[in-house]
Amino acid sequence: MSVKIRLQRHGKKGKPFYWVVAADARSKRDGKYLEKIGTYNPNTNPATIDLDLDSAVKWLHNGAQPTDTAKAILSYKGALLKHHLDGGIRKGALTQEQADAKLATWLDAKSGKVDAKKEGLTKAQADAKAKAFKAEQDVNAKRLAAAAQAEADAIAAATPAVEEAEEVVAEVEETPAAEENNETTEA
C-alpha cells in the first residue's frame, strides 16, 4: 500500500478549508484517511497552517509521498528540513543537538518573516484607512466651503431686494395719508 500526504477539502463553496492527511493513494480525495496531520486555511492572509511536525516527519520516514501542494506546505513548516536533518543524523554526518539547533534557527527565521509580513499587512491596512479618512475630510471641507459660499451669495443677492423693499415701504409710509384723503373725496 502506497501512502500519500495530501489535502482533503472541507469548508463551503468559495471558502475552502483543507486537512493535511496521510492516506492510501487509492482512496478518494475526501475519503478515508490513515491520520490527520494538520490543517491549511488559504482564506487568511498569510495562509494559516497548523501542522503536527513530528507526525508529518514520521510519515515521511515511513515512505509517504507528499503531493505538490502538500510538499510546499511541509516545506513551509519545516517538516522536510527536519526529515533531511534526521537523515544526516542516521548517516552520522551530524549530531541530534546540531540538527535541533539548525532546525530552531530556521524556524526562528521563518517566523520572523511571517511576523514581518503580518506587520506589513497591518500597516498597509492602517495607511489605507488613514488615507481614506483624509480624503473624506477633504471632501467634507470642500462641501462645507461650497455651502458657505452659496449662503453668502444668497445673502448678497437678497440684499438689493431688501433695500428696494425698504425703499418701497418708506414711500408707502410717507404717502398713506394723502391717498386716504383722495379716496374719501372720490367717494
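The preceding data block contains the structure.
Conventions and cut-offs
Residues numbered from 1 in each chain as written. Predicted model: local features only at pLDDT ≥ 70, side-chain atom pairs only at ≥ 80, totals over all residues. Heavy atoms only, no water. Core = buried A, V, L, I, M, F, W, Y, C linked by side-chain atoms within 4.5 Å. Buried < 20%, exposed > 50% of the residue type's maximum accessible area, 1.4 Å probe, protein only. Helix = DSSP H or I, 4+ residues; strand = E, 2+ residues; numbered from the N terminus. Contact = heavy atoms within 4.5 Å. Phe/Tyr/Trp six-rings, centres within 6.5 Å; stacked < 30°, edge-to-face > 60°. Polar contact = N/O pair within 3.5 Å; in protein donor to acceptor, adjacent residues only side chain to side chain. Patch = residues over 30% accessible without salt bridge, like charges linked within 9 Å, V, L, I, M, F, W, Y side chains within 5 Å. Areas by Shrake-Rupley, 256 points an atom, 1.4 Å probe, with all protein chains shown as cover. Salt bridge = Lys/Arg side-chain N within 4 Å of Asp/Glu carboxyl O. Lys, Arg positive; Asp, Glu negative; His and termini not counted. Charge placed at Lys NZ, Arg CZ, Asp CG, Glu CD. Axes fitted to C-alpha atoms, helices over the stretch in contact; angles between N-to-C directions. Parallel < 35°, antiparallel > 145°, perpendicular 65-115°, else oblique. Left-handed = near helix turned anticlockwise from the far one by under 90°. Nonpolar A, V, L, I, M, F, W, Y, C, P; charged D, E, K, R; others polar.

1. What to know about the nonpolar core
Core analysis: the biggest nonpolar cluster contains 24 residues, and Ile5 and Ile37 have the highest contact counts within it. Breaking this core down by element, the ones donating at least two residues are strand S1 (3-12), strand S2 (15-24), strand S3 (35-41), strand S4 (48-51), helix H1 (53-61), helix H2 (68-77), helix H3 (79-91) and helix H4 (96-174). Broken down by element, this core gets its largest block of residues, five residues, from H1. Residues within four places of Ile37 in sequence aside, it is in contact with Ile5, Val20, Val21, Ala22, Asp50, Leu51, Asp52, Ser55, Ala56 and Trp59.

2. Topic: the packing of aromatic side chains
Inspection of every chain in the model, using the stated rule, returns two aromatic pairs. Note on Trp19 and Tyr33: the rings are 6.0 Å apart at their centroids and 85 degrees apart in plane angle, and the pair reads as edge-to-face. In this pair, Trp19 is assigned in strand S2 and Tyr33 in the loop between S2 and S3, connecting sequence segments 14 residues apart. A residue is classified by how much of its surface remains accessible, and Trp19, at 22% relative accessible area, is partly exposed. Take Tyr33: its relative accessible area is 32%, and that puts it in the partly exposed class.

3. Some thoughts on the side chain of Asn41
Relative to the helices and strands, Asn41 is located in strand S3. Engagement of the side chain of Asn41 in a polar contact is seen with the backbone nitrogen of Asn43, the distance being 3.1 Å. Discounting residues that sit within four places of it in the chain, Asn41 has contacts with Pro16, Phe17, Ala47 and Thr48.

4. Some points on a negative patch on the surface
A cluster of acidic residues, Glu163, Glu164, Glu166, Glu167, Glu171, Glu173 and Glu174, forms a negative patch on the protein surface. Turning to its location among the elements, Glu171 is positioned in helix H4.

5. Concerning the packing of H1 against H3
For the pair H1 and H3, the least separation of the axes is 9 Å and the interaxial angle reads 55 degrees. By the criterion of interaxial angle, the relationship of H1 to H3 is oblique. The hand of the H1/H3 crossing is right-handed. Touching Leu53, Asp54, Ala56, Val57, Leu60 and His61 of H1 are Ala79, Leu80, Lys82, His83, Asp86 and Arg90, all from H3. Of the residues that constitute the contact of H1 with H3, the class distribution is six nonpolar, two polar and four charged.

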